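# Reading the structure
As a plain string of letters, each chain reads:
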Amino acid sequence: MNVREAIAKKAMLRGLSYQTIKTYANVVETFFQRYRKDPFEVTKNDVEKHCLMLLENGSPGNTINVHLNALKFFYKEVLGRTLMVDIRYLKVPQRLPEFLTQEEVKQLLSNIINKKHFLMIIVMYSSGMRVSELLNLKVKDLQLSEGYGWIRAGKGNKDRVFIVAEKLRSELEQWINGLNAGQFVFSNKGRRMSAQTVRAILKKATKLSGIMKNIHPHTLRHSFSTHLLENGYAVTDLQPLLGHSKLETTLVYTHLARPKLLNIKSPYDCL
């Protein structure tokens, strides 16, 4: 059995994201390479032993839960077995996310010289989008004259509206000038860029800025959320912009919600 292909086939039917499919396939392949057993010979004890090994090696609870989810998906969806039903998931401690102050955002941006990199980081911070959403953003998803854009098939395979900062619109218009509607807004010679590139941009800018925080792409999303709340917006204003739970209901009433969403100024406009 080709484990990777089997997982990909079932996961695509379930509408799981590319990153989730890749993660599940890597976890399950690694598991079978380590234990060298036929999938039908694996027992609950083998899985518990694997989780114990991860714990002993210092893996956090969320990593172990990913492994459990991947193995559970493989056995239930691919093999039609219920090997994992009695295994209790580890609780993951709830920690407050780290974010940048508005002054730190200014410092960070001032240390990004490359124009494309500068725009990429500003778009992420000013809209609150995830790195995968930034890298999948296409020209046809932007409605710059109206101050918004669409994130297509984001987390959970959902669409949602995002705001485009007023201070960014002319720059983005110039940037996408000459690009076809189906092209990525940010690309490497027409090809989709990697999340590793974005992480490298942030790492370099963080070092140059002298900011003593562990900054990664999602830190920008946390900062966007925090700064909107600091600027007086309600959590209910924020929820649809972040694409959190029950987005389907929000999309049904997009024609009613959009004016309210578009009256929200991006925190980038307030720097």
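These remarks concern the structure in this document. (Residues numbered from 1 in each chain as written. Predicted model: local features only at pLDDT ≥ 70, side-chain atom pairs only at ≥ 80, totals over all residues. Heavy atoms only, no water.)

### Here's the deal with the overall build of the protein chain
In terms of regular secondary structure, the protein chain is built from 13 helices and five strands. In the protein chain, which comprises 271 residues, the share counted as buried stands at 43%. If you sum the accessible surface of the protein chain, you get close to 15,300 Å²; carbon and sulfur atoms cover 51% of it. (Helix = DSSP H or I, 4+ residues; strand = E, 2+ residues; numbered from the N terminus. Buried < 20%, exposed > 50% of the residue type's maximum accessible area, 1.4 Å probe, protein only. Areas by Shrake-Rupley, 256 points an atom, 1.4 Å probe, with all protein chains shown as cover.)

### Section: the packing of helix α6 (residues 115-127) against helix α8 (residues 166-176)
In a pair of packed helices, the angle between the axes and the distance between the axes together describe the arrangement. Their axes nearest at 12 Å, the elements α6 and α8 cross at an angle of 135°. Classified by the interaxial angle, the pair formed by α6 and α8 is oblique. When the axes of α6 and α8 are compared, the crossing they make is left-handed. In this structure, α6 uses Lys 115, Lys 116, Leu 119, Ile 122, Val 123 and Ser 126 to contact α8, whose residues at the interface are Leu 168, Glu 171, Leu 172, Gln 174 and Trp 175. (Axes fitted to C-alpha atoms, helices over the stretch in contact; angles between N-to-C directions. Parallel < 35°, antiparallel > 145°, perpendicular 65-115°, else oblique. Left-handed = near helix turned anticlockwise from the far one by under 90°. Contact = heavy atoms within 4.5 Å.)

### Quick word on the environment of Glu 98
By the element assignment, Glu 98 lies in the loop between α4 (61-78) and α5 (102-110). On the basis of relative accessibility, which here comes to 37%, the residue Glu 98 falls in the partly exposed class. As a C-alpha pair, Glu 98 and His 218 span 120 residues in sequence and 9.3 Å in three-dimensional space. Separated by 3.4 Å, the side chain of Glu 98 and the backbone nitrogen of Asn 214 make a polar contact. (Polar contact = N/O pair within 3.5 Å; in protein donor to acceptor, adjacent residues only side chain to side chain.)

### Things to note about the nonpolar core
Residues Leu 108, Ile 121 and Phe 186 are the most contacted members of the largest nonpolar core, which totals 38 residues. No other element matches the seven residues that α6 contributes to this core. Contact partners of Leu 108, with chain neighbours within four places excluded, come to Leu 100, Ile 121, Leu 202, Ala 205, Thr 206, Ser 209, Ile 211, Ile 215 and Leu 220. Core analysis: the second largest hydrophobic core is formed by 26 residues, Val 3, Ala 6, Val 27 and Phe 74 among them. (Core = buried A, V, L, I, M, F, W, Y, C linked by side-chain atoms within 4.5 Å.)

### Concerning the sheet that holds strand β1 (residues 142-143)
In spatial order, the strands read β1-β2-β3; together these three strands make up an open sheet with antiparallel pairing. Of all strands in the sheet, those bounded by a partner on one side alone are β1 and β3 (160-163). In terms of strand pairing, strand β2 (residues 148-151) meets β3 through four bridges, oriented antiparallel. Paired with Tyr 148 across the strands is Ile 163, a residue of β3. (Pairing = 2+ DSSP bridges.)

### Observations regarding helix α9 (residues 195-209)
Taking 1.5 Å per residue, 15 residues should reach 21 Å; α9 reaches 21 Å between its end C-alpha atoms and fits that length. By the burial criterion, the buried members of α9 are Val 198, Ile 201, Leu 202, Ala 205, Thr 206 and Ser 209. Viewed along the axis of α9, the buried residues span an arc of 130°, placing them on a single side of the element. Residues of α9 that are exposed and point over 90 degrees away from its buried face: Lys 203, Lys 204, Lys 207 and Leu 208. The first or second residue beyond α9 is Gly 210, which carries a positive phi of 75°. (Expected span 1.5 Å × (residues − 1). Arc of directions from axis to C-beta.)

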